[in-house]
Amino acid sequence: MTTHQVSGFSKSPVIDQVGIEERIARFNTRSIKKASKVSGLKLVLNMIDLTTLEGKDTEGKVRQMCYKAVHLHDILPGLPTVAAVCVYPTQVATAKKALEGSPVKVASVSTAFPSGQSTRQIKLLDTRYAVEQGADEVDMVISRGEFLKGNYAFVFDEIAAIKEACGKARLKVILETGELSTLDNVRKASDIAIHAGADFIKTSTGKISPAATMPVTLVMLEAIRDYYLETGKMIGMKPAGGISTAKSGLQYLVMLKETLGNAWLSNEWFRFGASSLANDVLMQLAKESSGVYQSKDYFSAD
């Protein structure tokens, strides 16, 4: 690492937790007019990464999810697709074929997801295999044990190596914030990931609790903002896990807009890792269109 790279995260600011919570309270009290609500909900849909990351995943399940990614609810006109589908490396080729001709990206987890407990050699092989299979994006996990030991250079170097292995694929770096304990650690991990080459920073694997929270996401957005002010380079953000309602999705968009501005209000720079969020947003849009709620039975689970 160069001296500049080291200094980029060695001086991460101390987080004012009370100040963060006060700002979150203000975001959550914003009122949104109906027209803005509908456009906001469609934007939320277009920012979702539909995900299946289970040991029982099959080609059929992945193909079904890919169909939903493009056909969210055909009886509602004017709906976008989701941003991406996220699968294990062994399912990338299936997803790529199913989504051929659509704007939906294929993301793959790598680096011994979700624990990250493997050698760097295995993690690099995992990543290269996903990219060779056609992944447009790679979602890696950091080595939380090394981070919590204070071995920040190890974490930086590993991210940088995975970034190189990604080639043209965009890299999302998962911090697993629920295991980092403090907002100060979240900020430092964010700074390390950004300076090591992350295209996106991501809160969680969705496999542990707590996953994404608004305070954690705000701290990560502020790291992105500070890096942008310093370098002029945009970094993406992905809160993942625990975001399940249309109301919370809109609250995240308010926080995004007021922290980073309009330039980040697209799926190129912001994603939701929350498959269950899609159906609640669809129910809200159907209600705005017809005036009545539809049963959850009208929407596919995957």
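Definitions and cut-offs
- All chains use their own residue numbering, which begins from 1 and follows the written sequence.
- Totals for whole chains, interfaces and linings use every residue, but because this is a predicted model, local features are given only for residues with pLDDT of at least 70 and side-chain atom pairs only at 80 or more, for both listing and counting.
- To obtain the side-chain values, all non-hydrogen atoms of the structure were included, while hydrogens and water were left out.
- What counts as a helix is a DSSP run of H or I of at least four residues, what counts as a strand is a run of E of at least two, and both are numbered from the N terminus.
- The buried label applies to any residue whose accessible area, calculated with a 1.4 Å probe on protein chains only, is under 20% of its type's maximum; exposed applies above 50%, and partly exposed to all values in between.
- Any two residues having at least one pair of non-hydrogen atoms within 4.5 Å are treated as being in contact.
- Here, Shrake-Rupley sampling with a 1.4 Å probe gives the accessible areas, and only protein chains in the shown set may cover a residue.
- His is not counted, nor are the chain ends, whereas Lys and Arg count as positive and Asp and Glu as negative.
- A single reference atom marks each charge: NZ on Lys, CZ on Arg, CG on Asp, CD on Glu.
- Residues grouped as a nonpolar core are buried Ala, Val, Leu, Ile, Met, Phe, Trp, Tyr and Cys residues, joined through side-chain atoms within 4.5 Å.
- As used here, the arc is the angular range of directions from the helix axis to the C-beta atoms.
- Here is the rule: rings of Phe, Tyr and Trp (six-membered ring for Trp) pair when centre to centre is within 6.5 Å. Planes less than 30 degrees apart are stacked, more than 60 are edge-to-face, and the remainder are tilted.
- Two conditions define a charge sitting above a ring: the NZ of Lys or the CZ of Arg must be within 6 Å of the ring centre, and it must be within 35 degrees of the ring normal.
- Any two strands with at least two DSSP bridges between them are considered paired.
- Consider the strands pointing away from the viewer: the crossover is right-handed when the path from the first strand over the helix to the second runs clockwise.
- Axis definition: a line fitted to C-alpha atoms, limited for helices to the stretch in contact. Angles are taken between N-to-C directions and run from 0 to 180 degrees.

Enquirer: Any details on the overall build of the protein? Residues and values, ideally.
Expert: Helix and strand counts for the protein stand at twelve helices and seven strands. If you line up the protein on its principal axes, its C-alpha atoms span 60 × 45 × 30 Å. Here the protein holds 302 residues, and 52% of them are scored as buried. In the protein, once contacts between residues fewer than 6 apart in sequence are set aside, the share between residues at least 24 apart is 76%. About 13200 Å² of surface is accessible on the protein, with carbon and sulfur atoms providing 51% of the total. Of note, the protein has its 36 positive side-chain charges centred 4 Å away from the centre of its 32 negative side-chain charges.

Enquirer: Tell me what's going on with the environment of K33, and back it up with residues and numbers.
Expert: Structurally, K33 is set in the loop between helix 2 (17-27) and helix 3 (34-46). Spatially, the C-alpha atom of K33 lies 24 Å from that of I75, the residues being 42 residues apart in sequence.

Enquirer: Outline the environment of A83, supporting the account with residue identities and numerical values.
Expert: As for its placement among the helices and strands, A83 is situated in the loop between helix 4 (59-70) and strand 2 (84-87). On the basis of relative accessibility, which here comes to 2%, the residue A83 falls in the buried class. A C-alpha to C-alpha distance of 7.9 Å links A83 and L45, two positions 38 residues apart in sequence. If near-sequence neighbours (up to four positions away) are discounted, A83 is found in contact with L45, N46, M47, I48, D49, P103, V104, K105, N267 and R271.

Enquirer: Tell me what's going on with the nonpolar core, and back it up with residues and numbers.
Expert: If you look at the biggest cluster of nonpolar residues, it comprises 84 residues, and the most contacted ones within it are I48, V85, I159, V173 and F272. Broken down by element, the residue count for this core peaks at nine residues, all from helix 10 (residues 214-231). Beyond its immediate chain neighbours, meaning those up to four positions away, I159 contacts M140, I142, L171, V173, I192, A193 and A196. Ranked by size, the runner-up nonpolar core spans seven residues in total, among them C86, A107, V109 and V141.

Enquirer: A description of helix 2 should follow, citing residues and the corresponding values.
Expert: Where helix 2 is concerned, the buried positions are G19, I20, R23, I24 and F27. The buried residues of helix 2 occupy one face: seen down the axis, they fall within an arc of 140 degrees.

Enquirer: So what's going on with the packing of aromatic side chains? Which residues, and what values?
Expert: For the coordinates displayed, the defined rule picks out five aromatic pairs. Here Y88 and F113 contribute two aromatic rings whose centre-to-centre distance is 6.2 Å and whose plane-to-plane angle is 75 degrees, an arrangement assigned as edge-to-face. Residue Y88 is found in the loop between strand 2 and helix 5 (92-98), and its partner F113 is found in the loop between strand 3 (105-109) and helix 6 (120-132); the two are separated by 25 residues along the sequence. Here F113 falls in the buried class, since its relative accessible area comes to 10%. Ring centres of Y252 and F272 lie 6.1 Å apart, and the angle between their planes is 80 degrees; this geometry places the pair in the edge-to-face category. Here Y252 is found in helix 11 (residues 246-260), whereas its partner F272 is found in the loop between helix 11 and helix 12 (275-290), with 20 residues between them in sequence. Positioned over the ring face of F154 is R120, at 5.0 Å from the centre of the ring. Lying over the aromatic face of W269, R170 brings its terminal NZ or CZ to 5.1 Å of the ring centre.

Enquirer: Help me get a handle on the pairing of strand 5 (residues 170-174), residues and values and all.
Expert: Of all five residues that make up strand 5, four are buried, and the element is covered over most of its length. Both strand 4 (residues 137-141) and strand 5 contribute to a ladder of five bridges, which runs parallel. When the bridges of strand 5 are listed, E137 appears paired with R170. The parallel pair strand 5 and strand 6 (residues 200-202) is bridged by helix 9 (residues 183-196), and the resulting crossover is right-handed.

Enquirer: Tell me what's going on with the sheet that holds strand 4, and back it up with residues and numbers.
Expert: With respect to topology, seven strands assemble into an open sheet ordered 1-2-3-4-5-6-7, the strand pairing being parallel. Each end of this open sheet is capped by a strand with a single partner; those strands are strand 1 (49-51) and strand 7 (236-238). Neighbour-to-neighbour, the strand axes of this sheet turn through a mean angle of 25 degrees, independent of strand direction. The sheet contact formed by strand 1 and strand 2 spans three bridges and is parallel. Each bridged residue has a counterpart across the sheet, and for D49 the counterpart in strand 2 is A84.

Enquirer: Can you tell me about unusual backbone geometry, naming the residues and giving the values?
Expert: With an omega dihedral of 0 degrees, the bond running from F113 to P114 counts as a cis peptide bond. Tracing the chain through its elements places P114 in the loop between strand 3 and helix 6. Of note in this structure, T111 is not a glycine but carries a positive phi near 60 degrees. Along the polypeptide, T111 turns up in the loop between strand 3 and helix 6. Phi is positive for E176, close to 50 degrees, though the residue is something other than glycine. Here E176 lies in the loop between strand 5 and helix 9. Judged by its relative accessible area of 1%, E176 falls in the buried class.

Nothing here speaks to function; it is all geometry.
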